[in-house]
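Per-entry structural report
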Amino acid sequence: MSWNCCESLDMAELRCRKTVVKEGEEEEHQQCESEPCSENFTMDKVSLKEKCSEDTDGATCGVQEKEKEDEEEKDEDKKEEADSQKPSPVKRNRSACRSVMLQSLVKLFFGCLAAVTCGMMYAVYLYTYHERKFWFSSRQELEREITFQGGSGLYYYYYKHMLTAPSFERGIYELMRDNRTVSGQTINAVERLSLYPELITSLLYRITGSQDVIEPVYFYIGVVFGLQAVYVTALFVSSWVMSGTCVAGILAVAWYVINRPDTTKVDYAIPLRDNWALPYFSCQVAALTGFLSNNINSASEMFCYLLMSATTFTFILVWEHSHYVLFIQGLALFLLDSFDLVPSRKQNMKMGPLVARLMKLFLHFYLCFTTGITFSYVAKRLMPVRESDFILKFLEVKFGLNTTTDFVTNRLLCQECFQTPSQDFFLRLTQASVLPFYLLVLLICLISTLQTIYRRLSGEPMKTNLRLEDGRIGEQPEVIYHVFHTMLFGALAMVFEGMKYLWTPYVCMFTAFGVCSPELWVTLFRWLRLKSIHPVVLALILSTAVPTIIGFSLWREYFPRVIAELSELQEFYDPDTVELMNWIKTHAPMAAVFAGSPQLLGSVKLCSGWTVTSLPLYSDIDLLRRSEDTYQVYAMRSAEDVYKILSLHKTSYVIIEESLCNELSHTKGCRIKDLLDIANSHVVYDKGEMYSFSKHGRFCHEIKMNYSPYTNYFSRVFWNRSYHVYKVNSVISFQY
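Definitions and limits used
- Residues numbered from 1 in each chain as written.
- Predicted model: local features only at pLDDT ≥ 70, side-chain atom pairs only at ≥ 80, totals over all residues.
- Heavy atoms only, no water.
- UniProt positions renumbered as here; feature names shortened; annotations may be inferred.
- Core = buried A, V, L, I, M, F, W, Y, C linked by side-chain atoms within 4.5 Å.
- Buried < 20%, exposed > 50% of the residue type's maximum accessible area, 1.4 Å probe, protein only.
- Helix = DSSP H or I, 4+ residues; strand = E, 2+ residues; numbered from the N terminus.
- Contact = heavy atoms within 4.5 Å.
- Pairing = 2+ DSSP bridges.
- Axes fitted to C-alpha atoms, helices over the stretch in contact; angles between N-to-C directions.

Looking at an unreviewed UniProt entry, one finds the chain named C-mannosyltransferase DPY19L4 and attributed to Oncorhynchus mykiss. Heading Sequence similarities (unreviewed entry) of the UniProt record for the chain holds this comment: "Belongs to the dpy-19 family." Annotation of the chain in UniProt includes, under Subcellular location (unreviewed entry), the sentence "Membrane".

One finds Phe 594, Tyr 634 and Phe 714 to be the most contacted residues of the largest nonpolar core, which totals 179 residues. With 14 residues, the single largest contributor to this core is helix 10 (residues 216-243). Non-local contacts of Phe 594, meaning those with residues more than four positions away in its chain, are made with Ile 584, Ala 588, Leu 601, Val 604, Trp 610, Thr 611, Val 612, Thr 613, Tyr 653 and Ile 655.

In space, the 5 strands of this open sheet follow the order 4-3-5-9-8, with mixed pairing throughout. Across the chains shown, the open sheet's two edge strands, defined by having one partner strand only, are strand 4 (611-612) and strand 8 (714-719). Here strand 5 (residues 653-657) pairs with strand 9 (residues 723-728) via 5 bridges, running antiparallel. Bridging across to strand 9, Ile 655 finds its partner in Val 725. Helix 24 (residues 575-587) contacts strand 3 (593-595), strand 5, strand 8 and strand 9 of the sheet and is inclined by roughly 25 degrees relative to strand 9.

So, on to the environment of Val 546. The topology assignment puts Val 546 in helix 23 (residues 535-567). According to the relative accessible area criterion, Val 546 is buried, its value standing at 14%. Separated by 31 residues in sequence, Val 546 and Val 515 have C-alpha atoms that sit 6.6 Å apart. Residues in contact with Val 546, not counting those within four places in the same chain, are Phe 437, Val 515 and Trp 521.

Set out below in structure tokens:
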């Protein structure tokens, strides 16, 4: 009975397994009833197996179970085979990473190529413009050297000296114990004049074997122009890193070139320390920008850190005023750290509630500033420094806190670099469309930065994974730094026009970043709460359209001017100066000492190598005082007084310039003779007007009359339309 029942169950199970398959539909199983052996109840597959195993040895059910397991294994094998044909999630991720990496490498390659191309094109442009302006290749060596204006030729003299020295070591030794530059003094010219660029350039000229390939002067100016190429390349990179597009870099370089009169002095004074130092500072700022960026890995961060260190060291080495610039930059970084605007992995965050954080912030400011002031006060008490006192006195007069009759102070205040910027400066920036867009970009970034500072002080952590739609341009540390940077240097540029050469290049870079940055436009549109169009879409459109329109307008307006500059042959010729230098080289004895204006003495030292009484160096108070003494030839002083002053500096010849003796009043109270009259108390004030008065006539006029007592002390040995050279008599002959 049990066998028959089991057999009946098997037959019933087989009948139930039959299916009717229709096209496009799922399988449907027929239901059936069991044979008489199971007529009063229904069993599923498991129940049947259990029943069979209870009543029989289960042999038949085991066979059926094995068949089912085989079918399941086949189904699993088919699924595995189908899954193996599809790409796995890991493989898909790897493929996506490779694609993203390839795109990044392509963008990096073309961005670097564009940056290097812009730098090289700018260097070629400078070389061509310099050649057209001065006819450099067609002039003699003396005429070429005279083109180094503003007293900058002095530095080139030491480059020539290093090349003519028997060896590099001997040349350095002679410069470190130089008694052939300033009369009566033995100076370390390398340290005092920051001659490290000339040392390195002369060494490169020697070791590269360039003597048979290129003339020394071309090698020198080629190195300077190459550094200018590095300068604009670094500006390109800074704008590119912040905006994410190399279009910003191209626009920054275009604005830099267009505003060249306000961005660089390399056009007319190639050897100046600024032209050697500022390219390194630009590289340091670019490295700092990359270091502060959130989208940077640890290896790139370390590279930026090392580059910052190297360029900062070189910047300090090359320029004697570098510490002032680094102080301002340090103040910007100080603000960045004080308000916790840097990611925690780069600098430690301040902790605590709002009140505690504010107290720590004020304590931070107090300690930093009072420590510096206290140290300065103690240093002055222990070892008084005239230069520090002079700088403080100069700043007091500059800001109207005091008045002075001191010649050196007033002379410096009359220098163009220490005066406030003229309206023409702002007009040029406006015409080039830089200033309007700069103010817009700065305003947006500044407001967003202030919002970020408030969030930091309120305890909200730094957000590093920013998205485009967040609209928080002020959360990016590199942007915040440049906001502080441009505001601090801009404030100084509003007071001292010379600071525009440190501010204007970064105005061009910062503005180019802003107009090309979608994040900046999204930030603005988030504030405006646009509803008609998505802010991200509109920002992407404007970040492309605005720089395109600016680029086309600049191309149309300024490209013809640039081409005209390169095609027009200008003429720079100074026959009177050439004649003077030739006379000095051929008639003056080797031991002669010359006195005159510092700028002219720089050219005398360059062209002849003769000893001079002063140098065109405004950072040395001793040299400034010596210049005041030699300027007394334009004052209302007696022949005896001038003779004693010049003899004190062992002067052999004094050069009087017609341009200074008959100087017109282009700036009220800033003529050399006016400043001397004020310093010597040779002025009388009547009804608000200033009149010069003295019992002696003006020396530069009286000496030309050739009468006693002037002829007793001085003998004229050379003159032309611009210069009069008088020999200081060693033996006084009294003629009446």
